[in-house]
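Here are the chains, one letter per residue:
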Amino acid sequence: MPDLPNGPAPADLIIFGGTGDLAMRKLLPALYHCDVDGGLAPGTRIIALSRSGLDDADYRGKVDAEVRPALHGSEGWDAFLRRLRHVPVDVTTPEGWAGLAGLLAGHEDRDRVFYLASPPLAFGPFCRGAREAGLVTPGSRVVLEKPLGRDLAGAQAINDEVGAIFDESQIFRIDHYLGKETVQNLLVLRFANSFLEPIWNSRWIDHVQITAAESVGTPGRRGYYDQAGALRDMVQNHLLQLLCLVAMEPPSRNDREAVRDEKVKVLRSLRPVTGADADRFTVRGQYTHGLVDGAEVPGYLDEPDKNPPTDASRRVETFAAVHAEVDNWRWAGVPFFLRSGKRLPSRRSEIVVQFKNVPHAIFPGATPNRLVLRLQPDEGIHLSLMAKEPGAGDIALRPVPLSLSFSDAFSARVPDAYERLLMDVLSGNPTLFMRRDEVEAAWRWIDPIVRRWEGSAALPEPYPAGTSGPAGAHDLLARGGRAWHEEEL
Ligand code: BG6
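Throughout, residues of each chain are indexed from 1 in the direction in which the sequence is written. Predicted model: local features are reported for residues with pLDDT of at least 70 only, side-chain atom pairs are reported and counted for 80 or more only, and whole-chain, interface and lining totals are derived from all residues. Values reported for side chains reflect all heavy atoms of the structure, with hydrogen atoms and water molecules removed beforehand.

So the rule is basically this: UniProt positions are given in the numbering used here, feature names are shortened, and annotations may be inferred rather than shown by experiment.
The name recorded for the protein chain in an unreviewed UniProt entry is Glucose-6-phosphate 1-dehydrogenase, from Microbispora oryzae. As its UniProt record puts it under Function (unreviewed entry), the protein chain is described as follows: "Catalyzes the oxidation of glucose 6-phosphate to 6-phosphogluconolactone." Quoted verbatim from the Sequence similarities (unreviewed entry) field of UniProt, the annotation for the protein chain is "Belongs to the glucose-6-phosphate dehydrogenase family."

Listed below in structure tokens is the structure:
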């Protein structure tokens, strides 16, 4: 954990949605690890808000039962629990805010972070309520969880509502992929080494693949997922952010605006995929019953859920693949293939940079170099090189990996993305958060694809759970003579 410039100062971190899945699975474990690593100042409070009528003791009991078993270690756990408060809040009434106002009174000089781990429709009402209750101080920040709307117009409306209360410099739009170790290492690999830059362009690179595969399905998430689908849930944010980091020009400084300026230029250079192009350059699928890790799992429509499947469920994609092009000098003619899906054979996220073949082959059997940046499960960087197999006689070639595994190279525990991002929020560093223009540029590119899909009578292509996605995804690459990097998928 990097040291903060002057050590952390006491802050109040207010989590709206404090009993929800995100708080329990990600935020509280990350905050606990930050605490153990010395990232939270003595006196920092974590104030969970929800409509449940829990008091502090009930909430601590719930966290103790649900969060503690999944942690690495329990050193300092009781001290961490003492930081927790719970306030029942009904944002729809001014009175609902009184409990929180009482708790915050007298602490106006502290940094105050409002973390909105709630559906985006609540963002505006929450920010207005906080302001009307007099809780927004100059040292306040607000963290917005994705999805930021369902389209460009929705995102703009949310940005306007939140922007009426918080200055852009106080708004932290989170994309947790940007907090992953390999993602940050991609920037270091590109901009702290000299050997890659000369070959990081269309002259040497054939194409780039970005995959976020998950073996999990969506049990219990139908209410959200029917409205989102893989394109909005993963591609609009996580995958496009990864594409930006691969394709961006070197920023002049490692600074909040310089990095984000370069990313937004990439988003604006994406060739629009509109009308019939969307049929050619995109693929959507939905999983059906199948086998994952040897266990039978139901199809999307049969996932256990309190909401029965509707027409929206039949139409929603659990797999999306897109062929994108970045229209600029560096990347002219280099396809970027993005794909993400649920119920694929394993959980694997990676960026594959496929180089071109040597310009003149003197050895038969040489295959082009490939750089794989593995985000999960085992973070690392692997470069496949051609080498000669030992032995006399004819030269036989074999691709061999030059591998850097982060867990082998560094003995420290690899922190979860949320740990890094929460520390950045507390220290006021927005470099790894999305600026308004970035989010809107991403939606501007995604919207025409969604419109085409929604206007089509065709349903997503079925694929059995446990397979690597619909046949159309393979055809998307095969027609250019390429194939997905399937190793271990
Ligand atoms: C979230 C999506 O943003 O990312 C989920 O809403 C998805 O559907 C998750 O499962 C994947 O995150 P990770 O870090 O496990 O790859």
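Following the structure, the description resumes.
1. What to know about the site of the ligand
Using the following cut-off: Residues are labelled near a given molecule or strand when at least one of their non-hydrogen atoms is within 4 Å of it. Polar contact is the term for a pair of N or O atoms within 3.5 Å; when the atoms are in protein, one must be able to donate a hydrogen and the other to accept it, and sequence-neighboring residues count only if both atoms are side-chain atoms. Accessible areas in this description were obtained via Shrake-Rupley with a 1.4 Å probe; residue shielding takes into account the shown protein chains only. Each helix is a run of H or I in the DSSP string that is no shorter than four residues. Each strand is a run of E no shorter than two, and both are numbered from the N terminus.
Surveying the vicinity of the ligand reveals the residues K146, H176, Y177, K180, E214, R221, D233, M234, H238, K342, R347 and Q376. One of the side-chain nitrogen or oxygen atoms of H176 is found 2.8 Å away from an oxygen atom of the ligand. Here an oxygen atom of the ligand and a side-chain polar atom of K342 are 2.7 Å apart. About the coverage of the ligand: the protein hides 83% of its 400 Å² of free accessible area. By residue number, the principal contributor to the shell around the ligand is helix α8 (residues 222–247), which donates three residues.

2. Some thoughts on the layout of surface pockets
Operational definition: The definitions used throughout rest on a 1 Å grid laid over the protein atoms alone, on which a cavity is an enclosed set of points accommodating a 1.4 Å probe that cannot get out and a pocket is an open set flanked by protein within 12 Å on both sides along at least five of seven lines; lining residues are those having an atom within 4 Å of a point. Grid points are joined across faces, edges and corners, and a volume is the space filled by probe spheres set on the points. Gly is placed with the polar residues, together with every amino acid not listed as nonpolar (Ala, Val, Leu, Ile, Met, Phe, Trp, Tyr, Cys and Pro) or charged (Asp, Glu, Lys and Arg).
Considered as a void within the structure, the second largest pocket measures approximately 710 Å³ in volume. Surrounding the second largest pocket, 37 residues form its lining, F195, L371, L383, L385 and L402 being those nearest its centre. Here the lining of the second largest pocket is composed, by residue class, of 28 nonpolar, six polar and three charged.

3. Some remarks on the sheet that holds strand β3 (residues 84–88)
Stated formally: Pairing between strands is defined by DSSP: at least two bridges between the two strands are required. Axis definition: a line fitted to C-alpha atoms, limited for helices to the stretch in contact. Angles are taken between N-to-C directions and run from 0 to 180 degrees.
The strand order β3-β2-β1-β4-β5-β6 describes an open sheet built from six strands, whose pairing is parallel. Of all strands in the sheet, those bounded by a partner on one side alone are β3 and β6 (171–173). When the angles between neighbouring strand axes are averaged without regard to direction, this sheet yields 20°. Where strand β5 (residues 140–144) and β6 come together, three bridges link them in parallel fashion. Residue pairing in the sheet places V143 in a bridge with F172 of β6.

4. Things to note about the nonpolar core
As a reminder of what qualifies: The nonpolar core is taken to be a set of buried Ala, Val, Leu, Ile, Met, Phe, Trp, Tyr and Cys residues, with the residues joined through side-chain atoms within 4.5 Å. For every residue, the accessible area obtained with a 1.4 Å probe (protein chains only) is divided by the maximum for its type, and the residue is called buried under 20%, exposed over 50%, and partly exposed between those limits. Where each domain begins and ends is defined by an automated method or by a domain database. Two residues qualify as a contact provided that any one of their heavy atoms is within 4.5 Å of a heavy atom in the partner residue.
Membership of the largest hydrophobic core comes to 141 residues, with the highest contact counts inside it found for I15, L28, Y115, L243, F336 and I351. Take this core: its biggest share by element is 13 residues, from α8. Taken domain by domain, the makeup of this core includes at least three residues from each of domain 1 (3–145) and domain 2 (178–414 + 435–478). Once residues within four sequence positions are removed from consideration, I351 is found in contact with L186, V208, Q209, I210, L242, V246, L371, V372, L373 and L375.

5. Considerations on the packing of helix α1 (residues 21–36) against helix α13 (residues 417–427)
Selection rule: Note on terminology: angles under 35 degrees are roughly parallel, angles over 145 are roughly antiparallel, angles of 65 to 115 are roughly perpendicular, and the others are oblique. It is the rotation of the near helix from the far one that decides the hand of a crossing: anticlockwise by less than a right angle makes it left-handed, clockwise makes it right-handed.
Following both chains from N to C, one finds α1 and α13 inclined at 70°, their axes separated by 8 Å at the closest point. Relative to α13, the element α1 is oriented roughly perpendicular. Handedness of the crossing formed by α1 with α13: right-handed. In contact with L22, K26, L27, A30, L31, H33 and C34 of α1, α13 contributes Y418, E419, L422 and M423.

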